[in-house]
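Summary of the model geometry
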Amino acid sequence: MTGTNERREVFRRYGDRRRALMLSIHEILFDQLPGEARDHNLLDEICGDFCTDGAVLVRKLTEKGTPDSVTLLASAGDWDGVQSGDIFEGEGIEALLSAQEDAQGAVALSRFRRTSLINDNAWEQLWQNDLGKPATGLLSVDLKPSEASPSLIWLILNGASREWSSHDRQLLEEAADLLSRAADKVVQEDSK
């Protein structure tokens, strides 16, 4: 072995990029025990592939009589100041969760291309402070396991805007499906 890393960081074809990311996710799932450290490593790999500033795994809090909010399970990238257990709430989070429920897959948002799905006040709150720190771009996808608690992955940009391609959305949806299956497997093994 020469000690050099043979992995290309930028792939010319989507198929090559997809294979590399899915292989990396599979390796982490098989080689590491479930928990926050593994979740961090999975998010770090996804964050690196999508070239985002940060990635977070959050779970929706579903207490009756409370506004929609989420709790942070794990984070990766440049998202200083957030810790596992932190709660993100506010009008912007409520609007984002509502938009995610209505979507059939990944939700792509850019602060500079406002959507009519979210009112002006919620839009500003989302980007200013509801995500834990100011942000400019977001790609959100549901994890919908059968037995484990549902959660979401948010890929976050904090200094640039970006048009998320259909391949970006499709790849994150595929990764979310795999992580949903892995979450169900953890629940099944814990119940034995």
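Residues numbered from 1 in each chain as written. Predicted model: local features only at pLDDT ≥ 70, side-chain atom pairs only at ≥ 80, totals over all residues. Heavy atoms only, no water.

**Examining the overall build of the protein chain**
Scanning the protein chain from N- to C-terminus turns up 5 helices and 6 strands. Ordered by position in the sequence, the α and β elements of the protein chain form the string α-α-β-β-β-α-β-α-β-β-α. In terms of overall size, the protein chain behaves like a compact globule, its C-alpha atoms giving a radius of gyration of 17 Å where 192 residues would be expected to give roughly 16 Å. In the protein chain, buried positions account for 41% of the 192 residues. (Helix = DSSP H or I, 4+ residues; strand = E, 2+ residues; numbered from the N terminus. Rg over C-alpha atoms; globule rule 2.2 N^0.38 Å. Buried < 20%, exposed > 50% of the residue type's maximum accessible area, 1.4 Å probe, protein only.)

**Observations regarding the packing of aromatic side chains**
Remark: the centre distance and the inter-plane angle together describe each pair of aromatic rings, the angle taken between the planes. Under the definition given, this model contains 2 aromatic pairs. Seen from their ring centres, Trp123 and Trp127 are 5.5 Å apart, and the 75° between their planes marks the pair as edge-to-face. Pair noted here: Trp123 and Trp127 are both in helix H4 (residues 120-130), with a separation of 4 residues, about one helical turn. Judged on exposure class, the residue Trp123 and its partner Trp127 are both buried. We note Arg17 situated over the ring of Phe50; from NZ or CZ to the ring centre the distance is 4.6 Å. (Phe/Tyr/Trp six-rings, centres within 6.5 Å; stacked < 30°, edge-to-face > 60°. Lys NZ or Arg CZ within 6 Å of the ring centre and 35° of its normal.)

**Things to note about the confidence of the model for the protein chain**
The pLDDT averaged across the protein chain works out to 88; a share of 91% of its residues lies at or above 70. Here residues 1-8 is a poorly scored stretch, pLDDT under 50, and it has 4 contacts once near neighbours within four places are set aside; other chains count. (pLDDT = per-residue confidence, 0-100. Contact = heavy atoms within 4.5 Å.)

**Concerning the pattern of salt bridges**
Summed over all chains, the structure comprises 12 salt bridges. A salt bridge links Asp16 to Arg13, with the nearest nitrogen and oxygen atoms 3.2 Å apart. Here Asp16 falls in the partly exposed class, since its relative accessible area comes to 25%. The salt bridge involving Asp49 is made with Arg17; its shortest N-O contact spans 2.9 Å. Residue Asp49 is found in helix H2 (residues 36-50), and its partner Arg17 is found in helix H1 (residues 14-31); the two are separated by 32 residues along the sequence. We note that Asp49, like Arg17, is buried. Here the salt bridges do not stand alone but share partners, grouping Arg17, Asp49, Arg162 and Asp168 into one network. (Salt bridge = Lys/Arg side-chain N within 4 Å of Asp/Glu carboxyl O.)

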